[in-house]
Amino acid sequence: MTVNVTEHLWITMKDGTRLGARLWLPEGADKTPLPAVLEYIPYRKRDGTRGRDEPMHGYFAENGYAAIRVDMRGTGESDGHMADEYIQQEQDDALEVIAWIAEQTWCDGNIGMMGKSWGGFNGLQVAACRPPALKAIITAYSTDNRFTDDIHYMGGLLLNDNLWWGTIMLAYQSRPLDPEIVGAGWRDAWIERLERLPFFPALWLEHQHYDEYWKHGSICEDWSAIQCPVLAIGAWSDSYTNAVPRLLEGLQVPSRGIIGPWGHIYPQDGVPGPAIGFLQEAVRWWDQWLKGKDTGVMDEPKLRAYLCDTIEPTGTRTFTDGRWVGEAEWPSKSIASKTFALGADYSLGKPEAASALLAISSPNSHGKAGGEWMGTGCVGEHPTDQRLDDGGSLNFDTAVLAEDLDILGAPVARLRFSVDQPVAQVSLRLSDILPDGRVTRVSYQVFNLNHIHGHDRPEMLVPGTTYEIAIKLNDCGYSFKKGHRIRLSVATGYWPMVWPSPKRVTLMLDTGASALDLPVRPQSCNKDEVAFDKPAHGPATPITQLDPGSVRRWSEQDHVTGETLYVTEGIGGLFGEGVLRFDDIGTELSHSLKRELRVRDDDPLSASYVLTQQYRMGREGWMVDINSTTSMRSDAENFHISGVLTAKANGAVVKTREWKQTIPRDHL
C-alpha cells in the first residue's frame, strides 16, 4: 500500500495555539476514510523520535490506518508553554486533537491512542476523560500511580533519576523551533521558551509524598473512569512493569497485558531480546476495536509474560533465555503464594527455623551492583554480581533446590522490625545464587519506612518501637533452576539509586515474625506457552551515524576517606546511539551526559550528585548548543538543588538560566 507522509501540519486549538503534527496516510484515504492512530508526546516529531516514528507509524499506515504523531504544547515546533508533565492543559489539548482528527476527511471517526512512557501515561489519562471518538488505547511502559511507579520516587524514596531526568528535560525543552518549519520567528519563540523553562527536578522534589499533585493523572484513583479497551505493555528490564498486573486487575473494560524481557524500548525493537512482532499485535488490537473485526485478541490469555531462565549477573545483556507463558485470567488462580520463613541462622524456608533479632546498618555505598533504575538497551546498565552488595546486608538463603521453581508476579517480604532513628529506609533484594556462587538479582524494592501507614500519610518513626509491614517487590517472571539457591537480602539503603536517610540507621529484624512469600507458578502450567510473530517494521527513515560515541560506567572507593564515587558517562549519544544525522532533513544530533555521585560510608549527609550535559543539534548555518550543569546535596533538614544552562546559536550565547532552591525534607 502506498503511504503519503506529510512532514508537518498545524492543529489549531480553541485558544489559537498551534500544535505541530506529522501524518502518514494510505493513498486514497481522502476518498475512503480510515480509523486513525494518535501518538501525542513532547519529544519532537521532526528530529527527536523520527527514527522510531517512521517505521512504526508507517507500518500502521501500510495496514490501513491514518497515523498521526503530535508534539504537545510548548514542545517541538508547537506553540505555547509546557509548564510540567501531565498537567490538565496537556489532557485538554489532547481532547481537542482527538476531536480535530475525527473531523478530518481522511478519518472515519474511530481513533486509537498509543504511546510509550510519557505517551503511555497520557494515553491512560486521556482515556479517563472519555472522548467519544477514542475507541481503544495501547499503553506501553506507563503507570496507574504517578508517585509509586515513576522516575521521581520509588517506595516513597527519592530516586536519583529525578535529577537525571529533570536535567535531560532541561535540554529537551530548551531545543529551538526549526526555522524550516516556523520561519524567521523561530529565534524569538526560542528565547521565550528558554525564559519560561521550568526547573523540572525541583518541581518534582517539592512533592515528597502522595499528595494531590501526584493523584492528578493517577488513574488508580478511579478505575471506572476508563471505558475503552486497553492493551498494556511492560518489560522486566524496564522500570514500568508493576502497573501491568494492576491494570489487568483494576480496569473494568476489555484489557490484555504483555510483559517481555526488554528495557524501555518498543517490543518490536526490544533489548534484551527476544523482540516480538509487536506492530502486528497492535494492528490486531486496532482492527478489533477500530474496525470491528474479530481478530481473536480477546481469545488470548489475559496476561502473556516472558518467564526468564537463569540470567548471568553481567551488566550488559542483549538476550534473555526463557519462554513465553500465558495466564487466562489475572490475578491467576493457578499461581499460589509459597511462604519461606527467615531463620536466625540466615536460612530461608527452613522448617521450624529458630528466631532471633538480627541487626543491620548498611554502608551508605550499598547498592553499587544495582544497575540502572530503568534499562534502555545500553551497555553496562543491568545489575551485576550481587556479592558486591551482599556484604552490606542481611542475607537469607534456601537450601539447594531439588527441582525448578517458577515465579510470576510480585514477591512479598513481611517484616517485623525496629529502628534506632526517626527516619529510615529499607532495601530488599531477591536473588538467584548460581551453583558457582555468583548471584543474580531477580527482583528488588526500596521503601521509606516513614510511609508505613501509606504514601499519603508520612510520619516519624519511634526509635525502638516494633513495627510490622508487608512490602511488595517488583513483579517478575523467573525460573529458579534445580541446583540453585534463592536469597533474600535486607539492607538500610540503596545508593546510588535512592537518596540516603539523614542519619545512618540500624535496623533490628525479628526473623521469627518475618517471611518471604513467592508467587509460585506450578510446573503443570508449562503447557500454556504462547508465541508471537517475528518483528516487522515499516520503511526506515534514512540515518547516518557520524560517530559511534561511547558509554562508560564505573565506581571507585577511596580507602582513606571512605568515599565512593559512582560515574556513568554517555558521549555522543545518551543511550549509546552515537552522533546521528537524519539525512532527509539534514539535521545532526549529539547528546552527552555525565553523572557523578559521591557518598562516604559513614556519613549520609556527604552525599552529592553532579550532572554535566551537552546537547548539540542543527545543520550548516544553524547549529545549536545547549550546555547545563545540575547538582544536589542535602543536610539533615533540607535538599539543596541548583542548575545552570547556557544556550548558544552558531557559537554565540543566546540565553543563560540559573536556578538555586532549598527544599525541606519531608520524612525523607
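Cut-off values and rules
Residues numbered from 1 in each chain as written. Predicted model: local features only at pLDDT ≥ 70, side-chain atom pairs only at ≥ 80, totals over all residues. Heavy atoms only, no water. Disulfide = S-S within 2.5 Å. Buried < 20%, exposed > 50% of the residue type's maximum accessible area, 1.4 Å probe, protein only. Helix = DSSP H or I, 4+ residues; strand = E, 2+ residues; numbered from the N terminus. Polar contact = N/O pair within 3.5 Å; in protein donor to acceptor, adjacent residues only side chain to side chain. Axes fitted to C-alpha atoms, helices over the stretch in contact; angles between N-to-C directions. Parallel < 35°, antiparallel > 145°, perpendicular 65-115°, else oblique. Left-handed = near helix turned anticlockwise from the far one by under 90°. Contact = heavy atoms within 4.5 Å. Nonpolar A, V, L, I, M, F, W, Y, C, P; charged D, E, K, R; others polar. Pairing = 2+ DSSP bridges. Phe/Tyr/Trp six-rings, centres within 6.5 Å; stacked < 30°, edge-to-face > 60°. Lys NZ or Arg CZ within 6 Å of the ring centre and 35° of its normal.

A.B. asks: Please provide a residue-by-residue account of the state of the cysteines, values included.
C.D. replies: In total, this model carries 0 disulfides according to the counting rule given. Among the cysteines around Cys220, which has no disulfide bond, Cys129 carries the closest sulfur, lying 15 Å off. With relative accessibility at 21%, the residue Cys220 sits in the partly exposed group. Of all cysteine sulfurs, the one in Cys129 lies closest to Cys228, which takes part in no disulfide; the gap is 11 Å. Residue classification places Cys228 among the buried positions, given a relative accessible area of 6%.

A.B. asks: Describe the side chain of Gln208, listing the residues and the values that go with them.
C.D. replies: For Gln208, the location among the structural elements is in the loop between helix H7 (200-205) and helix H8 (212-215). Only 3.0 Å separates the side chain of Gln208 from the backbone oxygen of Leu205, close enough to count as a polar contact. A polar atom in the side chain of Gln208 sits 2.7 Å from the backbone nitrogen of Asp666.

A.B. asks: Describe the packing of helix H1 (residues 50-62) against helix H10 (residues 278-290), with residues and values.
C.D. replies: Geometry of a packed helix pair, given as the angle between the helix axes and the separation of the axes. Their axes nearest at 10 Å, the elements H1 and H10 cross at an angle of 40°. On the basis of the axis angle, H1 is oblique to H10. Read as a crossing pair, H1 and H10 show a hand that is right-handed. Across from Pro55, Met56, Tyr59 and Phe60 in H1, the residues of H10 making contact are Leu279, Gln280, Ala282, Val283 and Trp286. When the residues that make up the contact of H1 with H10 are grouped by side-chain class, the tally is 8 nonpolar, 1 polar and no charged.

A.B. asks: Break down the pairing of strand S21 (residues 476-480) for me, citing the residues and quoting the values.
C.D. replies: In terms of burial, S21 is largely enclosed, as 5 of its 5 residues are buried. A two-sided burial pattern is seen for S21, the buried positions comprising Cys476, Tyr478 and Phe480 on one face and Gly477 and Ser479 on the other. Where strand S16 (residues 405-409) meets S21, 5 bridges bridge the pair, whose relative direction is antiparallel. Bridge assignment links Leu405 to a residue of S21, and that residue is Phe480.

A.B. asks: How would you explain the packing of aromatic side chains if you had to name every residue and give the values?
C.D. replies: Aromatic ring pairs are reported here in terms of the distance separating the ring centres and the angle at which the planes meet. By the definition in use, this model includes 31 aromatic pairs. Judged by centre distance (5.0 Å) and plane angle (5°), the rings of Phe199 and Trp659 are stacked. Remark: Trp659 occurs in strand S33 (residues 652-664) and Phe199 occurs in the loop between helix H6 (186-195) and H7; sequence separation between them is 460 residues. Comparing Phe199 with Trp659 shows no difference in burial state: the two are buried. Ring pairs connect the aromatic residues Tyr43, Tyr86, Trp118, Phe121, Trp164, Trp165, Tyr172, Tyr240, Trp373 and Phe575, which therefore count as one cluster. Taking the ring centre of Tyr266 as reference, the NZ or CZ of Lys116 above it sits at 6.0 Å. In this structure, Arg441 packs its charged tip against the face of Tyr444, placed 3.9 Å from the ring centre.

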